[in-house]
Amino acid sequence: MRVFQKTSELASYINKLKREGKSVGFVPTMGYLHEGHLSLVRCAKRENDTVVVSIFVNPTQFGKGEDFDRYPRDLDRDLKLLQKEGVEIVFVPQVGDMYPEGFSTFVEETKLSRKWEGEFRPGHFKGVCTVVLKLFNIVKPDRAYFGEKDFQQLKVIQKMVKDLNLDVEIVGCPIVREEDGLAMSSRNVYLSKEEREQATAIYQSFQLAQKLVKEGLKNPRELEKRIVNFLKKFPLIKEIDYVAIVDEDTLEPVKEIKGKERILVAVRLPSARLIDNWKLEI
Ligand code: PAF
């Protein structure tokens, strides 16, 4: 496994692989890897000759007062996990190399990114799009892999790729959950024991919603209300930023549940803000 810090060294290594006709699969991450990330790596390995994983806690996608400084980091552990998966290339850039003094160009998707996370984390997707486009330009992947856990992020990146004619296939991969249903996330490490227990309420609310839909509930506003009421029973869920039944493509709230919708949820516990989503089946 080769670990690159310098953009120019990675770029020339990738150019060599490309000249040899090798396809490149790319998994961008912020590190502190878990099974969710590793599932993306495995998928990338199956579909490409070479896999590149980047580890970079991207400062531009964190707002003021958010958790950039305390975001969990453990490079040694991450590298061991990637080695075990048989990853060929890891890219670990420095903040100063990605954003040198005088950096002044940003990329912004202006429709899908406005709602939901965009409302509660202004500037977040601008930071995500900018870093992802930069990483694409450095890694030149044939395919790039993103988890459905950050469903809005996946959609925003797909839109950026389409709008800017980027020559990369975006592959969305299913959410990986803990045994009790909590979606895997590096931020779960922030949760106290009690918070961790109550965090499963999100998954339980999805199960309740799915059951109600199977029983014939078609009104999305009613379903949102039922989910909110369920979540409110858990005292450590201090705030519900949003619960929305949206169209998978437009991310707009739907008028009727027809069987191609996602439930998007964001809640705050004392130590962490969690997001999750669920694809409804009819
Ligand atoms: O999903 C993430 O971990 C990040 O938003 C990403 C895509 C690596 C960009 O920093």
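Higher on the page you've got the structure.
Along each chain, residues carry numbers from 1 onward, in the same order as the chain's sequence is written. Selection of residues for local features in this predicted model requires a pLDDT of at least 70, selection of side-chain atom pairs for listing and counting requires 80 or more, and totals for whole chains, interfaces and linings are taken over all residues. Hydrogen atoms and water are omitted, and side-chain values are computed over all heavy atoms in the structure.

Participant: Which parts of the structure should I look at to understand the overall build of the chain?
Facilitator: Secondary structure counts use DSSP, requiring at least four H or I residues in a row for a helix and at least two E residues in a row for a strand, with both numbered from the N terminus. Each helix and strand counted, the chain has 10 helices and nine strands in total. Within these notes, the globule rule equals 2.2 Å times the number of residues to the 0.38 power, and the radius of gyration is based on C-alpha atoms. Compactness check: the chain gives a C-alpha radius of gyration of 19 Å against a globular reference of 19 Å for 282 residues, within 12% of the reference. Counting only C-alpha atoms and orienting by the principal axes, one finds that the chain spans roughly 55 × 40 × 40 Å. The buried share of the chain, taken over its 282 residues, is 53%. Computing the positive centroid from 47 side-chain charges and the negative centroid from 44, the chain places the two 1 Å apart. Accessible area is worked out with a 1.4 Å probe on protein chains only. A residue is then buried under 20% of its type maximum, exposed over 50%, and partly exposed in between. The positive count covers Lys and Arg only, the negative count covers Asp and Glu only, and His and the chain ends enter neither. Charge placement uses NZ in Lys and CZ in Arg. For Asp and Glu, CG and CD serve respectively.

Participant: What is the right way to look at the sheet that holds strand β5 (residues 143-147) in this model?
Facilitator: Strand order across the open sheet formed by six strands is β1-β4-β3-β2-β5-β6, with parallel pairing between neighbours. With one partner strand each, in any of the chains shown, β1 (2-4) and β6 (169-173) form the two edges of the open sheet. Direction aside, neighbouring strands of the sheet carry axes that sit 25° apart on average. Whether two strands pair comes down to DSSP finding at least two bridges between them. The pairing of strand β3 (residues 50-55) with strand β4 (residues 89-91) spans three bridges and is classified as parallel. Residue Ser54 lies in a different strand from β4, and its bridge partner there is Phe91. By the convention used here, residues are in contact when the closest approach between their heavy atoms is within 4.5 Å. Helix axes use the C-alpha atoms of the stretch in contact, all axes being lines fitted to C-alpha atoms, and the angles between their N-to-C directions lie in the range 0 to 180 degrees. The sheet strands contacting helix α2 (residues 35-47) are β2 (24-29), β3, β5 and β6, and the helix crosses β5 at an angle near 155°. Each of β5 and β6 touches helix α7 (residues 151-163); the most contacted strand, β6, lies at about 170° to it.

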